[in-house]
Amino acid sequence: MTSLIYPAATHKRFEHSLGVMELAGRVFDVVTHSASLSDEVKRTIPEITQLHLLSYWRRVLRMAALCHDVGHLPFSHAAEKELLPTGWDHEKLTREIICSPLMSEIWNSITPPLRSEDVEKLAVGPRKATDLRFSTWETILSEIIVGDSFGVDRMDYLLRDSYHTGVPYGRFDHFRLIDTLRILPPASESDGVPSLGVEEGGLQSAEALLLGRYYMYSQVYFHPIRRIYDIHLKDFLAAWLDGGKFPIGVEQHLQLTDNEVYAALYQAARDSSRLGHNSAIRIAQHDHYKLLYQRHPDDVAVNSNSGEVIFKAASEKYGESNLRRDKYSQKGEVTRFPVQSKDGRIVQADQMSTVLKNLPLVSIDFIYIMPDLVNQASEWIKKERKTLIHPPQESS
Amino acid sequence: MNDLEKGLILAELADRLIAQGSWCGHTHLQKAVYFLQELLEVDLGLKYILYKHGPYSFDLEEVLLWCQSSFLLEKDYKASGYGPRLKPTGISKDHRSRFPRLLARHTRELSFVAERLGSKGVVGLERLATALFVSRELGDEVTLGQRVSRLRDYKPHISETDAHEAFTEFDEVARDAVKLRSFD
C-alpha cells in the first residue's frame, strides 16, 4: 500500500530477499576472517576455525537470508495478526515452507546437503523459534540476518525503501558498517558468550542506521495515511477471504500473491455486490478514513492508555464501524550491542554513544474516522479532551 | 493481565529491587521477573527461552519498551561502567497508587523476589536463573550432579564450583518460595 503515498515504491519482496542474501554473505566473510577473530572467540566457537564447516554454514546463511521472508502474506505485515489463525504468524509460515518437502528437495540437492532445520533457525532467529535450541554460533548467524540492531534484513530494507520511496532518511554507510562488524568476546570471562558487535570505528555508521530506521518508521512505515490503507485492505481481506482468514497450507499460501489480491480488490471496488466492496472502494478511490487523533505525550503522561480511552469514547458517540484504531510500540531493543573500543575493551554501545542513549522509541497510536465525520469529531475531542483523558482507575 | 497492569507490576518490582540495592538494569529485571513468574507463579504471560545470559524473554523486552514509551519506566545512565538502569517514573507512582488491589495481590511475591535477588549482580543472577531453568527442565528425579552437568552444557563459562553453589542457593530459594505460597 506504500505506493499509494510514495508512487515509486513498487519494488517487490523478491528483490529485497536477494539483497539480504548478498549482504549476509558479505557480513559472513568479514566476521569470520581469521584476522578479525580473537583467540577467545576461536576457542568458544569451534565451527569458526574449520573451513569445511564455514563453507557449509555460509551456504546455510545465504539460503536462510534468501528465504527469511518466504512466509509473508500478500502485502506483508498489513494484515497478519487478524487474518491468520491463532498462533500463526509469517515466521511460522516461513518455517513451514523451509521445512516442507518442496524445499527439502532443494536442500538435499545441494552438495553437501543443507539441513532444513539449520536454514529454518537462521531464517527466523531465537525470538521466533522459541521451541528450538540455538548454539552461540547459530545465534550469531541468525543475528546477521534478523538482528534488531544491524541485521542485514534491516540494512537492506532501509536502503531499498529509501531509494524507491525517494525518502533519503534511510541511507547510511553500509559499506563501512559491514567492514567493522565483528564477533566480539564477552566483556569479561564471567559475562556470557561472544556476540555480534562493531568496532569503535563503525559506531557512527551503526548510529546512522538506527537513526535512519527511526526516521523511516516516522516518515514512511508509520505514515498515518499509509497505515489507514493497510486497515482498509485488512477489512477487505476479512470480507473476501474464505472464513476471513488466509490459508496456512504451503501450496495455497504460495498461490496467493499481491497480484491475486489486487485483481480481486479492484473488481470488488467496481461491483457493489462483491464481498469487501466498501473497503475496496476506499482504496481504489483514495477515499480513506481521516486521522482524528494521534498519541500525544501530554495525554500519555496522564493516562498510558489515552488512545484506548479516546477510541472507546469516540466509538460510543459516532458508532464503532465509523472508527478504526492503529497502535504499535517498538518491539526490540536496538541500542544494546557490544562495541570494541580502540584499546580493545568491550563496552555496550549505548555507554559509548550519546546518540544511541537518546534515540527515541517508535510508538504510534492513531485513531481514524469516516471522512464525513472528521470535522465534527475533531471539535468534540478538542472540547472534551480534558474530561475524557483522566488517570486510569482500577476496575471494581 | 493487560499491558498497563503488567507495567505497574514491573514498576513496583523495579522500585523494590532498587530499594534492596539492585542496579536494576535490563538483565536484573529479566531474571527477577523470571523468578516472579516461574517460581512465585505471578502469571505475566511471558515466554522465556535460554539465551546469551541465561533465561531471557523477548516478550518482556517488548513490555519494558512499552513501559518506557508510556512513561512508566525511564532509562538512567548516571553510573558509568553499567548499562542503563530502568527506573520507575513519578507517573508510574501515581498510576500505581490508583491500583491498590492489583499490587496488594502480589505484594508478598514482589517482596520475596526483591529481597532474595536485589543484592545480586548480573553474573550471580545469570547463574541462579539458569539453575532455575535447568531444574524446571530436568524435573525432580535427577541428581545435583546431573543438574550441574546440564547447566555447564549450556553455560560452559560457569565453573563446576559456581554451578554447584548456584543450585545450592536455588534449592534454598525454591524451598522458601514453596513456604511462601503455602500461606495462600
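Shown above is the structure to which this text applies.
Keep in mind it's a predicted model, so treat the numbers as computed, not measured. (Residues numbered from 1 in each chain as written. Chains lettered and ligands numbered in written order. Predicted model: local features only at pLDDT ≥ 70, side-chain atom pairs only at ≥ 80, totals over all residues. Heavy atoms only, no water.)

Quick look at the interface of chain A and chain B
At the junction of the two partners, chain A supplies 39 residues and chain B supplies 41 residues. For the pair chain A and chain B, the summed buried area comes to about 3,500 Å², and 54% of that belongs to carbon and sulfur atoms. By the criterion of area lost to chain B, the three top residues of chain A are A:Arg133, A:Glu333 and A:Glu394, representing 18% of everything that side buries. In this structure, the connection of chain A to chain B is made through five salt bridges. We note a salt bridge from A:Glu333 to B:Lys75, for which the minimum N-O separation is 3.5 Å. Seen at the junction of chain A and chain B, the total is 15 residue pairs in polar contact (both at pLDDT 80 or more). When residues of the side of chain A that touches chain B are traced back to their parent elements, those giving at least two are α7 (116-128), α8 (136-146), α16 (297-302) and α18 (349-352) of chain A. Top contributing element to the side of chain A that touches chain B by residue count: α16(A), with four residues. (Contact = heavy atoms within 4.5 Å. Buried area = accessible area lost by both parts, 1.4 Å probe. Salt bridge = Lys/Arg side-chain N within 4 Å of Asp/Glu carboxyl O. Polar contact = N/O pair within 3.5 Å; in protein donor to acceptor, adjacent residues only side chain to side chain. Helix = DSSP H or I, 4+ residues; strand = E, 2+ residues; numbered from the N terminus.)

Some details on the sheet that holds strand β6 (residues 346-348) of chain A
The strands making up a sheet are joined through hydrogen bonds of the backbone, oriented either antiparallel or parallel. Residues and elements named next belong to chain A. Across the sheet, four strands lie side by side as β1-β2-β5-β6; this open sheet has mixed pairing. Two strands in the sheet have a free side with no partner beyond their single neighbour: β1 (181-184) and β6. Ignoring which end each strand starts from, the neighbouring axes of this sheet average 45 degrees apart. With three bridges connecting them, strand β5 (residues 338-340) and β6 associate as antiparallel partners. Its bridge partner lying in β6, Gln 340 is registered against Ile 346. Against the sheet, α8 contacts β1 and β2 (195-199), and its axis sits at roughly 55 degrees relative to β2. (Pairing = 2+ DSSP bridges. Axes fitted to C-alpha atoms, helices over the stretch in contact; angles between N-to-C directions.)

Re the packing of aromatic side chains
Scanning the entire structure with this criterion turns up 21 aromatic pairs over all chains. Measuring from centroid to centroid gives 5.4 Å for A:Tyr56 and A:Trp57, while their planes differ by 85 degrees, and the two rings are edge-to-face. Assessed through its relative accessible area of 5%, A:Trp57 is described here as buried. Taken together, A:Tyr157, A:Tyr217, A:Tyr221, A:Phe222 and A:Tyr328 form an aromatic cluster joined through their ring pairs. The lysine or arginine in question, A:Lys92, covers the ring of A:Trp88, its NZ or CZ lying 4.4 Å from the ring centre. Positioned above the aromatic ring of B:Phe71 is the side chain of A:Arg295, whose terminal nitrogen or guanidinium carbon lies 6.0 Å from the ring centre. (Phe/Tyr/Trp six-rings, centres within 6.5 Å; stacked < 30°, edge-to-face > 60°. Buried < 20%, exposed > 50% of the residue type's maximum accessible area, 1.4 Å probe, protein only. Lys NZ or Arg CZ within 6 Å of the ring centre and 35° of its normal.)

Some details on the environment of A:Ser104
Residues and elements named next belong to chain A. Position of Ser 104 among the secondary structure elements: in helix α6 (residues 101-109). Given a relative accessible area of 17%, Ser 104 falls into the buried group. Each C-alpha atom of the pair Ser 104 and Glu 117 lies 9.9 Å from the other, and the pair is 13 residues apart in sequence. Contact partners of Ser 104, with chain neighbours within four places excluded, come to Ile 98, Cys 99 and Ser 116.

What about the packing of helix α3 (residues 51-67) of chain A against α7(A)?
All names here are of chain A. One way to put it is that α3 packs onto α7 with a least axis distance of 8 Å and a crossing angle of 55 degrees. Of the possible angle classes, the one that applies to α3 and α7 is oblique. For the element pair α3 and α7, the recorded crossing hand is right-handed. On α7, the residues that touch Tyr 56, Trp 57, Val 60, Leu 61, Met 63 and Ala 64 of α3 are Asp 118, Val 119, Leu 122 and Ala 123. A breakdown of the residues in the contact of α3 with α7 according to their chemical character gives nine nonpolar, no polar and one charged. (Parallel < 35°, antiparallel > 145°, perpendicular 65-115°, else oblique. Left-handed = near helix turned anticlockwise from the far one by under 90°. Nonpolar A, V, L, I, M, F, W, Y, C, P; charged D, E, K, R; others polar.)

Comments concerning the environment of B:Glu115
Residue position: B:Glu115 is located in helix α5 (residues 100-117). Distance from B:Glu115 to B:Asp59, taken between C-alpha atoms, is 25 Å for residues 56 residues apart in sequence.

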